[in-house]
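Each chain is listed here by its residues.
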Amino acid sequence: NFDDIRNISALNSDPHEIVIHNCQLSERELPNALFIRFHKLRILEITDSHVHDIGDFAFNGLSELRILSIARNNLTVVRTWSNENLESMHTLDLRRNSITEVHKFAFIRYPKLLKLNFAVNHISFLPDELFRAVPFLKHLNLGKNNLKSIDSHTFKHLHKLIHLELRHNEIEFIDDESFVGLTHLKVLH
């Protein structure tokens, strides 16, 4: 339960890594400020733990966080989850959830994000300008989703993107200018 997570600080005053794997969390939503006391936390993995939702401010205080993995859970919506910039975060892994909705400003608090994994979800639509907030993104995995079209604004601001995975979607339409400006792109599936 979440009290056990809060009590981690009693065992280790300021851990660098917390891995919560295959736990049957009794509460289905990560509450606000759950990790507020973990100022030196660099890696946070909460996988296979039946998380359905994350509070709007659940990751406040994690200024040193570099890697966040919420893979293999039951998330349906992606929001910012913090009202503070997480300047150090470079990897966000959200694969194998039930995500259907990504808010337009979901990544505004992660300006240095380099890797984003959305593989194996139910995303059918990406808001225009979604990736404007993450101009340094190099790896984007949207494979095995329900995307039906790629328009000219979808990847517009991803000038540093190297690897783009779109395999196993339901893409019927790709705008002529969808990949214009992706001058560093080396791999496109």
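Before reading on, note that the structure itself is shown above.
A.B. asks: Got a minute to help me understand the overall build of the chain in this structure?
C.D. replies: Scanning the chain from terminus to terminus reveals two helices and 14 strands. Computed over the C-alpha atoms, the radius of gyration of the chain is 17 Å, within 12% of the 16 Å expected from 2.2 N^0.38 for a compact globule of 189 residues. Taking the contacts inside the chain whose residues are at least 6 apart along the sequence as the reference set, 60% of them involve residues at least 24 apart. Here the chain has roughly 9,300 Å² of accessible surface; of this, 49% comes from carbon and sulfur atoms. Measuring between centres, the 22 positive side-chain charges of the chain sit 6 Å from its 24 negative side-chain charges.

A.B. asks: What exactly am I supposed to notice about the nonpolar core here?
C.D. replies: Side chains that are nonpolar tend, in soluble globular proteins, to be buried together. Counting residues in hydrophobic clusters, the biggest one holds 49 residues, and the most contacted among them are L44, F59, F107, F118, F131, L140 and F155. For this core, the elements supplying multiple residues, two or more each, are β1 (17-21) and β3 (43-47).

A.B. asks: What am I meant to see in the packing of aromatic side chains here?
C.D. replies: In this description, an aromatic ring pair is defined by two values, namely the gap between the centres and the angle between the planes. In total, this model carries seven aromatic pairs according to the counting rule given. Between the aromatic rings of F59 and W81, the centroid separation amounts to 6.1 Å while the plane-to-plane angle is 85 degrees, which identifies the pairing as edge-to-face. Pair noted here: F59 is in the loop between β4 (53-54) and β5 (67-69) and W81 is in the loop between β6 (77-78) and β7 (91-93), with a separation of 22 residues, a long-range link. Comparing F59 with W81, the two get one shared label, buried. Plain terms: the ring middles of F107 and F131 are 6.2 Å apart, the flat faces sit at 5 degrees to each other, and that makes the pair stacked. Of this pair, F107 sits in the loop between β8 (101-102) and β9 (115-117) while F131 sits in the loop between β9 and β10 (139-141); the two residues are 24 residues apart in sequence, bridging distant segments of the chain. The buried category is assigned to F107, whose relative accessible area is 0%. Chaining the aromatic ring pairs together yields one cluster made of F107, F118, F131, F155 and F179.

A.B. asks: What should I look at first to understand unusual backbone geometry in this one?
C.D. replies: Glycine aside, the phi torsion of most residues is negative, and most peptide linkages are trans. Its identity as a non-glycine residue notwithstanding, H50 has a phi of 60 degrees, on the positive side. You can see H50 is positioned in the loop between β3 and β4. Of the residues examined, H50 reaches a relative accessible area of 28% and is grouped as partly exposed. At R72, a residue that is not glycine, the phi angle is positive and equals roughly 55 degrees. Its place among the elements puts R72 in the loop between β5 and β6.

A.B. asks: It is not clear to me how the sheet that holds β1 should be interpreted in this structure. Could you clarify?
C.D. replies: Strands belonging to one sheet form pairs held by backbone hydrogen bonds; the direction of such a pair is parallel or antiparallel. Read from one edge of the open sheet, eight strands run β1-β3-β5-β7-β9-β10-β12-β14, paired in parallel fashion. Taken across any chain shown, the strands that pair with only one partner, and hence form the sheet edges, are β1 and β14 (187-188). Note: β7 against β9, three bridges, orientation parallel. Among the inter-strand pairings, L92 is bridged to a residue of β9, identified as L116.

A.B. asks: Looking at this model, I keep getting lost on the pattern of salt bridges. Mind explaining?
C.D. replies: Note on pairing: side chains with opposite charge can pair once their charged atoms come close. Applying the stated criterion across every chain, the model contains eight salt bridges. Taking the shortest distance from any N to any O, the salt bridge between R79 and D53 comes out at 3.2 Å. Here D53 lies in strand β4 and R79 lies in the loop between β6 and β7, a separation of 26 residues in the sequence. Accessibility expressed as a relative area gives 26% for D53, which makes it partly exposed. Salt-bridge contacts for R95 lead to D93; the nearest nitrogen and oxygen are separated by 2.8 Å. Residue class for D93 comes out buried when judged on its relative accessible area of 10%. Overlapping salt bridges bring together D53, D56 and R79 as one network.

A.B. asks: Help me out: how do you make sense of the side chain of N145 in this one?
C.D. replies: Along the chain, N145 falls in the loop between β10 and β11 (149-150). A relative accessible area of 3% places N145 in the buried class. Among residues more than four places away in sequence, those in contact with N145 are F118, A119, V120, N121, H122, I123, H168, N169 and E170.

Rules and cut-offs
Residues numbered from 1 in each chain as written. Predicted model: local features only at pLDDT ≥ 70, side-chain atom pairs only at ≥ 80, totals over all residues. Heavy atoms only, no water. Helix = DSSP H or I, 4+ residues; strand = E, 2+ residues; numbered from the N terminus. Rg over C-alpha atoms; globule rule 2.2 N^0.38 Å. Contact = heavy atoms within 4.5 Å. Areas by Shrake-Rupley, 256 points an atom, 1.4 Å probe, with all protein chains shown as cover. Lys, Arg positive; Asp, Glu negative; His and termini not counted. Charge placed at Lys NZ, Arg CZ, Asp CG, Glu CD. Core = buried A, V, L, I, M, F, W, Y, C linked by side-chain atoms within 4.5 Å. Buried < 20%, exposed > 50% of the residue type's maximum accessible area, 1.4 Å probe, protein only. Phe/Tyr/Trp six-rings, centres within 6.5 Å; stacked < 30°, edge-to-face > 60°. Pairing = 2+ DSSP bridges. Salt bridge = Lys/Arg side-chain N within 4 Å of Asp/Glu carboxyl O.

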